[in-house]
Amino acid sequence: MTWFSFAGRVWDRVEKTCLHLPIVLNTILVFSITAEVSYLVLVEAPLQPDQKKTQWSTVWKTLHLLVQYFMLGNITWNASLFLKTNPSIQGVFLGSEGMAQGWRYCYTCETHTPPRCSHCYDCKVCVLRRDHHCVFFGQCVGFLNYRYFLSCLLFMWTGLLYAVVMNAEVFIIILKEGVTLHSILLLLMPWIMLVSGQVTARAFAFAFIADTCVLGFLLVAAFLFFHLFLLLRGQTTREWYSIRRPYNLGLLGNLRHGLGTRWYICWLCPLIPSPLPGDGIHFQVTGLLEPDPNRSR
């Protein structure tokens, strides 16, 4: 019995560590890419030797660094607010007199839950207007933190696009050979080129980070545009599987209910207040909540 108790404690500790591991890895990745791009701006650029000590060089580098750290600040701030904002039903008075169609009973939480609310077995709680459980942050995306999640994706996508452009331009110049078979193989298979002795460790480092930026850019772009698509349709990821859109309020209405009353500017900075018009419990219904039995598919 003692052994099983010890094994259980060890497993709980491993599980908690694994939950925070994606956040740690993402943090290291974001700051590593930022440091690498800062190095490109300060040391490797401008590319022409006769421009390195001109006044334009200083202005150019300053502008690049300001833009770069503006994006980094927005990524980290939005991610921090996303993690601090609890989208669950904990501490929320759900009431019982207003229950209507769409309410369900959660046997795990032992309470009635409103429409668009569902239980997350990772967070071990029901989440208001639950979209999905984000494995990269280790937390659910729901009614209260959706704005920060989407803004974080936007600035990650913008920052990775910036990093891809910077790496592509400087990487080719560093090789001093242009786009050749050697440079293409280095970008596609940096580890093999390093082990075989075809490139230096410095060239490998630039190639590896460039590859990471490209893969990260494609991944974040897929998530970002998919969620923008859902936002404009007034849907969550769970509701996307259905052909119905009972909560579709039109383009402007969906933007307001997803990002708040200042949806047109709140994405610039997480400190800009943008109150959500709803409460995450009651939603305006504009279509069928359940399939029409008289309608043939």
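Residues numbered from 1 in each chain as written. Predicted model: local features only at pLDDT ≥ 70, side-chain atom pairs only at ≥ 80, totals over all residues. Heavy atoms only, no water.

**Q** It is not clear to me how the UniProt feature "transmembrane region" (unreviewed entry) in the protein chain should be interpreted in this structure. Could you clarify?
**A** Following the UniProt record, the feature "transmembrane region" (unreviewed entry) maps to residues 20-42, 146-166, 178-197 and 203-232 here. Between the C-alpha atoms that bound residues 146-166 the distance is 30 Å, and the span itself is 100% helix and 0% strand. What you have in residues 203-232 is 100% helix and 0% strand, and the ends, taken at the C-alpha atoms, are 43 Å apart. (UniProt positions renumbered as here; feature names shortened; annotations may be inferred. Helix = DSSP H or I, 4+ residues; strand = E, 2+ residues; numbered from the N terminus.)

**Q** Got a minute to help me understand the layout of surface pockets in this structure?
**A** Gaps left between atoms show up when a probe the size of a water molecule is rolled over them. Put simply, the largest pocket is a space of about 790 Å³. The wall of the largest pocket is formed by 35 residues, among which Asn26, Val30, Ile75, Met156 and Val220 lie closest to the centre. Within the residue set of the lining of the largest pocket, elements represented by two or more residues are α1 (2-44), α2 (55-84), β5 (132-134), α3 (146-175) and α6 (201-233). Examining the composition of the lining of the largest pocket, we find that nine residues originate from one element, α1, more than from any other. Across the lining of the largest pocket, the residue classes tally to 25 nonpolar, 10 polar and no charged. Put simply, the second largest pocket is a space of about 480 Å³. (1 Å grid on protein atoms, 1.4 Å probe; cavity = no way out; pocket = protein on both sides within 12 Å on 5 of 7 lines; lining within 4 Å. Points joined across faces, edges and corners; volume = space filled by probe spheres on them. Nonpolar A, V, L, I, M, F, W, Y, C, P; charged D, E, K, R; others polar.)

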